[in-house]
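One letter stands for each residue in the lines below.
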Amino acid sequence: MARKDTKASIPPEGALRASAAKALRNGSGLLEDARLLFEAKRYARATALAILSEEEFLKAFLLDNAALQGNWDNARYAALFKHGIKLGLAEGLQETMRLLEPDRNSAAWLRGRVADYGLRLPSEEQMGSIADRVRNLAVKNQRNFTKQNAMYVGIGPDGVATSVPEDLSEIDALAALLSAEKMAEAAGRQTMAYPAVTLGLPIPRR
């Protein structure tokens with residue numbers, strides 16, 4: 001874990017992409033374990049591991065993103081250690097990439113002419129809305145709470161248990177798995193397929 005006062009330093013040649021590849025492999029392993037637990041109906045543990053895997057995929061994306069942009073700074077380094085920020089960025093990135101998808105109702109799509117699909121860049125209003133959501137999620141992220149609830153028994157001020165991991169359902173686990181798989185695709189394909197990196201989602205500071 002990084003201390004609050006830890007600053008980014010100049011990375012050795014190729015280090016960012018090498019680290020991204022390691023985070024991607026670890027995320028893939030966590031996601032595979034989550035699937036196994038889901039099949040075994042261990043929904044709480046499956047949920048926790050799926051959310052952890054999504055954080056690793058976002059880490060891989062940030063590292064490779066920094067290598068592509070030549071921009072490794074304190075905000076990016078600090079974001080790697082903050083769960084709310086990682087999950088908020090993951091959600092914002094997935095929404096951005098969804099907006100970048102070709103218009104499947106267009107005449108070009110219907111004719112099957114891939115070269116004519118064109119890139120539908122999100123509007124400034126759309127990107128502003130996503131950026132605001134990322135900032136809010138960095139401060140209070142329900143999925144980070146879900147991950148904790150999936151691992152720990154919650155205790156109230158009066159000592160009474162407020163939640164147990166068994167409270168999480170198959171639907172909770174499935175939602176976590178689907179979100180992690182979307183982030184896995186984003187990290188794996190990176191910006192060679194989608195130029196989300198050029199749009200610059202904000203990295204919140206807290």
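Definitions and limits used
Residues numbered from 1 in each chain as written. Predicted model: local features only at pLDDT ≥ 70, side-chain atom pairs only at ≥ 80, totals over all residues. Heavy atoms only, no water. Helix = DSSP H or I, 4+ residues; strand = E, 2+ residues; numbered from the N terminus. Buried < 20%, exposed > 50% of the residue type's maximum accessible area, 1.4 Å probe, protein only. Contact = heavy atoms within 4.5 Å. Phe/Tyr/Trp six-rings, centres within 6.5 Å; stacked < 30°, edge-to-face > 60°. pLDDT = per-residue confidence, 0-100. Expected span 1.5 Å × (residues − 1). Core = buried A, V, L, I, M, F, W, Y, C linked by side-chain atoms within 4.5 Å. Axes fitted to C-alpha atoms, helices over the stretch in contact; angles between N-to-C directions. Parallel < 35°, antiparallel > 145°, perpendicular 65-115°, else oblique. Left-handed = near helix turned anticlockwise from the far one by under 90°. Nonpolar A, V, L, I, M, F, W, Y, C, P; charged D, E, K, R; others polar.

Caption draft 1: Highlighting the overall build of the protein chain. Of regular secondary structure, the protein chain possesses 8 helices and 2 strands. The order of α-helices and β-strands along the protein chain, N terminus first, is α-α-α-α-α-α-α-β-β-α. Of all 206 residues assigned to the protein chain, the portion counted as buried reaches 41%. Taking all contacts inside the protein chain whose residues are at least 6 apart in sequence as the whole, residues at least 24 apart take part in 74%.

Caption draft 2: The environment of leucine 30, seen in detail. With respect to the helices, strands and loops of the structure, leucine 30 is situated in helix 1 (residues 15–39). The exposure class assigned to leucine 30 is buried, which follows from its relative accessible area of 18%.

Caption draft 3: Highlighting the packing of aromatic side chains. Applying the stated rule across the entire model yields 3 aromatic pairs. Here the aromatic cluster, defined as three or more aromatic residues joined through ring pairs, consists of Trp72, Tyr77 and Phe81.

Caption draft 4: Representation of the side chain of threonine 47. Relative to the helices and strands, threonine 47 resides in helix 2 (residues 43–69). On the basis of relative accessibility, which here comes to 1%, the residue threonine 47 falls in the buried class. With residues up to four places along the chain from it excluded, the contact list for threonine 47 reads Thr146, Ala150, Leu168, Asp172, Ala173 and Ala176.

Caption draft 5: Inspection of the confidence of the model for the protein chain at higher detail. Per-residue pLDDT for the protein chain averages 78, and the proportion of residues at 70 or more is 67%. No element of the protein chain has a lower mean pLDDT than helix 5 (residues 107–111), which averages 49, and none a higher one than strand 2 (residues 161–163), which averages 95. Note on residues 113–119: pLDDT under 50 across the span, and 9 contacts to partners over four residues away in sequence or across chains. Contacts from residues 191–199, a stretch scored under 50 in pLDDT, to residues over four places away or in other chains number 22 contacts.

Caption draft 6: Focus on helix 1. For helix 1, spanning 25 residues, the distance from its first C-alpha to its last is 36 Å, which sits close to the expected 36 Å at 1.5 Å a residue. By the burial criterion, the buried members of helix 1 are Leu16, Ala20, Ala23, Gly27, Leu30, Leu31, Ala34 and Phe38. After helix 1 finishes, the residue lysine 41 shows a positive phi value of roughly 65 degrees.

Caption draft 7: The nonpolar core, seen in detail. In terms of nonpolar packing, the biggest core is built from 34 residues, with Leu58, Trp72 and Met183 touching the most fellow members. The set of elements that each furnish at least two residues to this core consists of helix 1, helix 2, helix 3 (74–79), helix 4 (83–100) and helix 8 (170–193). Sequence-distant contacts of tryptophan 72, that is, excluding residues within four places in its chain, are made with Ala8, Ser9, Pro11, Leu16, Leu63, Ala66, Tyr77 and Leu80.

Caption draft 8: Geometry of the packing of helix 2 against helix 7 (residues 142–151). Axis separation between helix 2 and helix 7 bottoms out at 8 Å; the angle between their running directions is 140 degrees. Comparing their axes, helix 7 and helix 2 come out oblique. Once helix 2 is placed against helix 7, the crossing between them reads as left-handed. Where helix 2 abuts helix 7, its residues Ala44, Thr47, Ala48, Ile51, Leu52, Glu54 and Glu55 lie against Arg143, Thr146, Lys147, Ala150 and Met151. Class assignment for the residues of the contact of helix 2 with helix 7 results in 6 nonpolar, 2 polar and 4 charged.

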